[in-house]
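Residue strings, one per chain:
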Amino acid sequence: MSLTGKDPHNARELAAVILLGARIARREARGKPTKRLENRADRIRQEAQAREDAKRTK
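The following paragraphs examine the structure supplied in this document.

1. Some points on the nonpolar core
In terms of nonpolar packing, the biggest core is built from 6 residues, these being Val17, Leu20, Ile24, Leu37, Ala41 and Ile44. Contributing elements (two or more residues each) for this core: α1 (11–29) and α2 (35–57). Each residue touching Ile24, except ones within four places of it in the same chain, is listed here: Thr34, Leu37 and Glu38.

Take a look at the structure:
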């Protein structure tokens, strides 16, 4: 179930993306690579969007 009508993320996914964003910002500030975390956040977003698209096509 999506958190809002316009957002494909549920509460758990939204919390995970926010947490990953904070980790990315912290690592960027330290000059460390962030690609792995960015890929994980992108994967969460894609899965959420695919799930919502599948619900709408039924």
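Having put the structure on the table, let's press on.
2. Considerations on the environment of Leu19
Residue placement: Leu19 occurs in helix α1. A C-alpha to C-alpha distance of 9.4 Å links Leu19 and Ala41, two positions 22 residues apart in sequence.

Each value, and the rule that gives it
Residues numbered from 1 in each chain as written. Predicted model: local features only at pLDDT ≥ 70, side-chain atom pairs only at ≥ 80, totals over all residues. Heavy atoms only, no water. Core = buried A, V, L, I, M, F, W, Y, C linked by side-chain atoms within 4.5 Å. Buried < 20%, exposed > 50% of the residue type's maximum accessible area, 1.4 Å probe, protein only. Helix = DSSP H or I, 4+ residues; strand = E, 2+ residues; numbered from the N terminus. Contact = heavy atoms within 4.5 Å.

Take it as geometry only, folks, not as evidence of what the structure does.
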